[in-house]
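What follows is the residue order along each chain.
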Amino acid sequence: MTAVHERVDTFHDNDQKPVGYGRMLRKEDPRFLRGRGRYVDDVQLPGMLHLAILRSPVAHARIVGIDTSAAEASPGVKAVVTGAMLAQQNLAWMPTLSNDVQAVLATDKVRFQGQEVAFVVAEDRYAARDALELIDVEYDVLDPVIDARRALAPDAPLIRDDLDGKTNNHCFDWETGDEAATEAVFARADVVVSQDLVYPRVHPAPMETCGAVADYDSVDGKLRLWSTTQAPHAHRTLYAIVAGLPEHKIQVISPDIGGGFGNKVPIYPGYVCAIVASIVTGKPVKWMEDRSENLISTGFARDYIMRGEIAATRDGRILGIRTNVLADHGAFNGTAAPVKYPAGFFGVFTGSYDIEAAYCKMTAVYTNKAPGGVAYACSFRITEAVYLVERIVDCLADELGMDPAELRLKNFIQPEQFPYTTKTGWVYDSGNYEPTMRLAMEMAGYDELRREQAEKRARGELMGIGIAFFTEAVGAGPRKDMDILGLGMADGCELRVHPTGKAVVRLSVQSQGQGHETTFAQIVAEEIGIPPADIEVLHGDTDNTPFGLGTYGSRSTPVSGAAAALVARKVRDKARIIASGMLEVSVADLEWEKGAFHVAGDPGRSVTIQDIALRAHGAGDLPEGIEGGLEAQICYNPSNLTYPHGAYICVVDIDPGTAQVTVRRFIAVDDCGTRINPMIIEGQVHGGLTDGVGMALMEMIAFDEDGNCLGASLMDYLIPTSLEVPDWETGFTVTPSPHHPIGAKGVGESATVGSPPAIVNAVIDALKPFGVRHADMPLTPSRVWDAMRGQARPPI
Amino acid sequence: MQVPAPFEYERATSVDHAISLLERLGGTARLIAGGHSLLPMMKLRLANFDYLIDINDLHGELGYVEAGPDEVRIGALTRHRELLESPVLAAAFPIFADAERVIADPVVRNRGTLGGSLCQADPSEDLSAVCTTLDARCVIRGPGGAERVVSMEEFHVGPYETAVADDEILVEIRLPVRPGCGSAYAKVERRAGDWAVVSAGAAVWLDGGAIVDARVGLAAVGPNTTGIPAISAALRGQEPSESLYEQAGAIAADSCDPVTDQRGSADYKRHLAAELTRRTLRRAVERARS
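Residues numbered from 1 in each chain as written. Chains lettered and ligands numbered in written order. Predicted model: local features only at pLDDT ≥ 70, side-chain atom pairs only at ≥ 80, totals over all residues. Heavy atoms only, no water.

Undergrad: What am I meant to see in the packing of aromatic side chains here?
TA: Aromatic ring pairs: the centre-centre distance and the angle between the two ring planes describe each pair. Residues and elements named next belong to chain A. On inspection of all chains with the given rule, the structure shows 25 aromatic pairs over all chains. When the centroid spacing of 6.4 Å and the interplanar angle of 35° are considered together, the rings of F32 and Y39 count as tilted. Here Y39 falls in the partly exposed class, since its relative accessible area comes to 26%. When the centroid spacing of 5.0 Å and the interplanar angle of 70° are considered together, the rings of F470 and Y648 count as edge-to-face. Of the two residues, F470 sits in strand β22 (residues 462–471) while Y648 sits in strand β32 (residues 645–654), which places them 178 residues apart along the sequence. Here the aromatic residues Y341, F345, F380, W426 and Y552 are joined through ring pairs into a cluster of three or more. (Phe/Tyr/Trp six-rings, centres within 6.5 Å; stacked < 30°, edge-to-face > 60°. Buried < 20%, exposed > 50% of the residue type's maximum accessible area, 1.4 Å probe, protein only. Helix = DSSP H or I, 4+ residues; strand = E, 2+ residues; numbered from the N terminus.)

Spelled out as structure tokens, the structure:
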């Protein structure tokens, strides 16, 4: 592994518990493994009522009338609430995270199948659900808009007639790059390749669905809300704005979360309904959606119809990349992305290549489908961007008759070019791509694989080798550029060392399974030398943690990880002053060894961080001007995003008779800068690669022509199992981020971003004998068979 | 949590007790064994019954695989895992283990039953295709212990519909044993645990070098699992050969009636009917010879 950079060296075995970075078992796992996790649905409060939501059975209809009388008379029912009733309190609509509005409960029309129409509050979940059957809604069914390509047709039905002056289904236009400069390089290029690509609508499908328990105390006016949120602080502020509740009287608690993947970033109507129900009934109210509700109504991902174009010289020098995108945003623009980035970070579609010009033009439309857009570990649309560039680079390689690895190596941004400003304005902080690519090729045995493939082709067997190389932009973000509804994307962090030398660190970010309780303890441990086992990590409760924007877009380590390192350094600086008093030397004469200060040149005269903690809280004098206690707080505003990269190689076999794809091998070499806990990183990568197999081969939220969702259960919406994935082969290089305090970059979404194009490229490579240049996901056996017969079709 | 509609629950203590409950409750009741198809349908409120009659305590009476001279008898409550691990079936009908390995996952196989699979009458159901291939007979018991025996063609009367009346219960499946038998099963699915895109079972009976009889059963290409008499007719008396398998595959493709859905296009399913017919026949012949 000669390509591995220095800095990662001595990782300890699991049971050795490193004081700082290294492999160690996750601190949170004992409670999960023993079934002692505490999720929202585990919350039981005295007198708690249960809420169930009636959803629209049709995609587009005017509501003529709602009769709730039978439901109200049903046993155990305490309240039935409709949109009209919410409208009286001005609560029928709420803002989305993208400056659009979304109906909490429909008042005028329903705009997608599964939209919230009314809710029932009852003594138990069964009574609430049964009463839904008794609500009589009269719908005047309207023609739906299902095909995004038809959304802007002059005769298309108008979906958003709630918006003043709206006469069509246009959502927004967006562009980036330099259109004229791109025209110029395309005009003089030897080779131009163009390819239509669809990244179909998929769903994050977390194991735990969304839900909330709202407990409003009418005496002290305090609302406690346990909810499945990846962003508890941002949600609290938005509730204050939406519901008019004072922010200091709102406590949002995000307990253990069973997977998020972006699905739990938005505020869903159900949360608001639970709050309203608690206020109305004076009781705690629980709402937990079922699996079908989660799949049909909560934040989807992707749904981009793209045309990619790439211009190059005959010898394989990429000159420019251009793309035109039609984005389906569903019935409401519920995208969760920084407000200045309506297409998220799709602007990184220029990938890892040093090119001369780039341009993107995007049109987003409303359709009669569930709202959402940014979810499923997508890194704010970098998933779509990487898929686009890595697919069209492969198309170019095909056109030029060049090996796709060679074409990539020829066009990489070179290490000395960093920081590198892309043609769409992104400043890549660091990167060293060739060693990462070479390591992946070495691990794969790339040349040998190509030989094997040639032999198999000669025998009529179908084997494919697919490459994807990605650069991500993660860790939103600098507050000068990035905010969500006016909330800057900086993160607070607090660290308190107790008198006995144990510590508690309080984070604004919330884990949904990423292992924060371990990773953040290790970050603090590395800085102040207290063992991770002695550091409690608190998160997910707005009353007990500092403000910050939450966990999504791989931002926890880039932003809050930096905050944790810096707050620990702040504590260490104070400890140094106290140590100088204890050792009766000047601060300048002290040297820090992880966990203790000693007098320079006299290692025997030392005090440990634990000694210092006791002194900080004990009797006796402290150095002049130093307060008692050993704690600090910080708010970290990142100066830039971090830019992890990776090289993925996938090997597939296709059964020529049945067109079934088997992922035989998958080599993933990730470079996420400094590695805090390699075991956790590998776990994240394994999960993301599995996601990639799902998206590439089987997942899609499809609709019929009436707008019925065809993926409303896990029987219909397939997610991969262990049987569809190979043993993952992971490797790494380390290119630290120059601006991040510990050089770390986010890794949570890398594998989800990088794996779909690697798998699709492998399938297309396998199908080369059939003259196939492209086929869209999901590459189900039927769709692969179509491609083999020259009849590849887009999935929508 | 998906919440089913209200229902009452009874636990049968014997087959006769179960039948007496069915006599009383009629069409408002449903038997539950493994429950792996029924409970999801109830939770989605696609199936709503006033009563569930749990027959899992009847495994002592209805859970068995017994080899006789002329037939193998399998109790309706025999679980997938027992079928997968049965030495009797491994020796007589390896098609069972082929199929069981691709039915759902170990959790489902620990609970799901042969009788439940057949009574669900799902057009994509694997064991129905297996039983069709093996020309199984289904033993149905009614009030007073009266039993009748029907063929698979008679048993399945439409999608999700069987010949079992409201006051009857499927108690046994009988598989005729003839010499020189080889059998095999193959399935194409989008993912482990998904319903078949198409699956096929084949059984051949050889005498000397020639095919005495052959049967093919297809799933997911019509309203019920399909046995194809034309294939049997075409293969009888012939020497096994690749061209014969080709011919059988072509008949399979022509005989089935698939529809385009999320699992695949009708054309692709037709192609698979041919491909899997060829593959399973080839394998069945190999086994018959070995």
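Undergrad: How should the interface of chain A and chain B be read in this particular structure?
TA: Interfaces are often described in size by the accessible area the parts lose on coming together. Each side of the interface is counted separately: chain A has 29 residues, and chain B has 28 residues. In this assembly, chain A packs against chain B so that about 2500 Å² is buried in total across both faces, 56% of it on carbon and sulfur atoms. Taken as a group, M715, L718 and W785 of chain A account for 21% of the area that chain A buries against chain B, more than any other trio of residues on that side. (Contact = heavy atoms within 4.5 Å. Buried area = accessible area lost by both parts, 1.4 Å probe.)

Undergrad: Is there a simple way to think about the pairing of strand β10 (residues 169–176) of chain B in this case?
TA: A regular strand carries its side chains on alternate faces of the sheet. Residue and element names in this part refer to chain B. The buried count for β10 comes to seven of eight residues, which makes it a mostly enclosed element. Bridge count for strand β5 (residues 71–75) against β10 is five bridges, and the pairing is antiparallel. Along β10, the bridge assignment pairs I74 with I173. (Pairing = 2+ DSSP bridges.)

Undergrad: Got a minute to help me understand the sheet that holds strand β6 (residues 137–141) of chain B in this structure?
TA: In any sheet, the strands associate via hydrogen bonds between backbone groups, in a parallel or an antiparallel arrangement. Residues and elements named next belong to chain B. Strand order across the open sheet formed by five strands is β4-β5-β10-β6-β7, with antiparallel pairing between neighbours. Only two strands of the sheet have a single partner each, and these edge strands are β4 (65–67) and β7 (147–151). For this sheet, the mean inter-axis angle between neighbouring strands, taken without regard to orientation, is 25°. (Axes fitted to C-alpha atoms, helices over the stretch in contact; angles between N-to-C directions.)

Undergrad: What am I meant to see in unusual backbone geometry here?
TA: Most of the time, phi is negative for any residue but glycine, and the peptide bond is trans. Residue and element names in this part refer to chain A. Backbone torsion omega between F418 and P419 reads -5°, so that peptide bond is classified as cis. When you line up the elements, P419 lands in the loop between α10 (404–411) and β20 (420–421). Cis rather than trans, the peptide bond between A476 and G477 has omega equal to -25°. Its place among the elements puts G477 in the loop between β22 and β23 (483–484). The residue E584 is not glycine, and still its phi comes out positive at about 55°. For E584, the position within the fold is in the loop between α14 (556–583) and β28 (590–593). For E584, a relative accessible area of 72% gives the class exposed.

Undergrad: Explain the side chain of T367 of chain A here, please?
TA: Residues and elements named next belong to chain A. Mapped onto the elements, T367 comes out in the loop between β18 (357–365) and β19 (372–373). The exposure class of T367 is buried, given its relative accessible area of 0%. Those residues within four positions of T367 in sequence are excluded, and the remaining contacts are R111, V145, I146, A148, I159, D328, G330 and A331.

Undergrad: So what exactly am I meant to see when it comes to the pattern of salt bridges here?
TA: Scanning the model with the defined rule gives 84 salt bridges over all chains in all. Close ionic contact of R111 of chain A with D161 of chain A constitutes a salt bridge, the shortest N to O distance being 2.8 Å. Of this pair, R111 of chain A sits in the loop between β6 (109–110) and β7 (116–122) while D161 of chain A is found in the loop between β8 (136–141) and β9 (170–177), placing the two residues 50 residues apart along the sequence. Put simply, D213 of chain B and R178 of chain B hold a salt bridge, and the shortest N to O gap is 3.0 Å. Placement of D213 of chain B in strand β13 (residues 210–219) and of R178 of chain B in the loop between β10 and β11 (181–189) is noted, with a sequence separation of 35 residues between them. A residue is classified by how much of its surface remains accessible, and D213 of chain B, at 9% relative accessible area, is buried. Residue classification places R178 of chain B among the partly exposed residues on the basis of a relative accessible area of 32%. (Salt bridge = Lys/Arg side-chain N within 4 Å of Asp/Glu carboxyl O.)

Undergrad: Sorry, what's going on with the sheet that holds strand β29 (residues 596–599) of chain A here?
TA: Residue and element names in this part refer to chain A. Read from one edge to the other, the open sheet built from three strands follows the order β28-β29-β30, with strand pairing classed as antiparallel. If you trace the sheet from one side to the other, it starts and ends with β28 and β30 (602–608), each paired once. Strand-to-strand twist across the sheet, computed as the mean angle between neighbouring axes with direction ignored, equals 35°. With four bridges connecting them, β28 and β29 associate as antiparallel partners. Bridged to E593 within β29 is A596. Its contacts with the sheet put helix α15 (residues 609–617) on β29 and β30, and the angle it makes with β30 is roughly 50°.

Undergrad: For this particular structure, what's the right way to read the UniProt feature "domain: FAD-binding PCMH-type" (unreviewed entry) in chain B?
TA: Per the UniProt annotation, the sites labelled "domain: FAD-binding PCMH-type" (unreviewed entry) are residues 2–180 of chain B. The distance separating the terminal C-alpha atoms of residues 2–180 of chain B is 50 Å; by composition the span is 36% helix and 24% strand. (UniProt positions renumbered as here; feature names shortened; annotations may be inferred.)

Undergrad: What is the right way to read the domain arrangement of chain A from this model?
TA: Residue and element names in this part refer to chain A. According to the domain assignment, chain A consists of domain 1 (40–142 + 209–257 + 264–297), domain 2 (300–476 + 640–788) and domain 3 (490–636). Centre-to-centre, using C-alpha coordinates, domain 1 lies 37 Å away from domain 2. In this assembly, 22 residues from domain 1 lie in contact with 24 residues from domain 2. Both sides of the domain 1 and domain 2 interface together cover about 1700 Å² of buried area, and 60% of this is carbon and sulfur. Summed over the three residues of domain 1 that lose the most area to domain 2, namely F112, Q113 and L295, the buried surface amounts to 27% of that side. On the surface where domain 1 and domain 2 come into contact, there are zero salt bridges. Across the contact surface, domain 1 and domain 2 share ten residue pairs in polar contact (both at pLDDT 80 or more). Mapped by element, the contributors of at least two residues to the side of domain 1 that touches domain 2 are β5 (101–103) and α8 (291–297). Top element by residues in the side of domain 1 that touches domain 2 is α8. It accounts for five residues. A class-by-class count of the residues in the side of domain 1 that touches domain 2 yields ten nonpolar, nine polar and three charged. (Domains from an automatic or database assignment. Polar contact = N/O pair within 3.5 Å; in protein donor to acceptor, adjacent residues only side chain to side chain. Nonpolar A, V, L, I, M, F, W, Y, C, P; charged D, E, K, R; others polar.)

Undergrad: I would appreciate a short explanation of helix α6 (residues 232–243) of chain A in the present structure.
TA: An α-helical segment advances 3.6 residues per turn. Residues three or four places apart therefore align on the same side. Residues and elements named next belong to chain A. Between its terminal C-alpha atoms α6 stretches 16 Å, which fits the 16 Å expected from twelve residues at 1.5 Å a residue. Within α6, burial applies to P232, H233, A234, H235, R236, T237, L238, Y239 and A240. Where α6 is buried, its residues contact β12 (222–227), β13 (250–253), α7 (269–281) and β24 (487–488). Of the residues one or two after α6, G244 is the one with positive phi, at around 70°. (Expected span 1.5 Å × (residues − 1).)

Undergrad: Quick question: what am I supposed to make of the state of the cysteines here?
TA: A disulfide bridge is the covalent bond that connects two cysteines by way of their sulfur atoms. Residue and element names in this part refer to chain A. Taken as a whole, this structure holds zero disulfides over all chains when the rule is applied. With no disulfide of its own, C210 lies closest to C273 among cysteine sulfurs, the gap being 13 Å. Since its relative accessible area comes to 0%, C210 is described here as buried. (Disulfide = S-S within 2.5 Å.)

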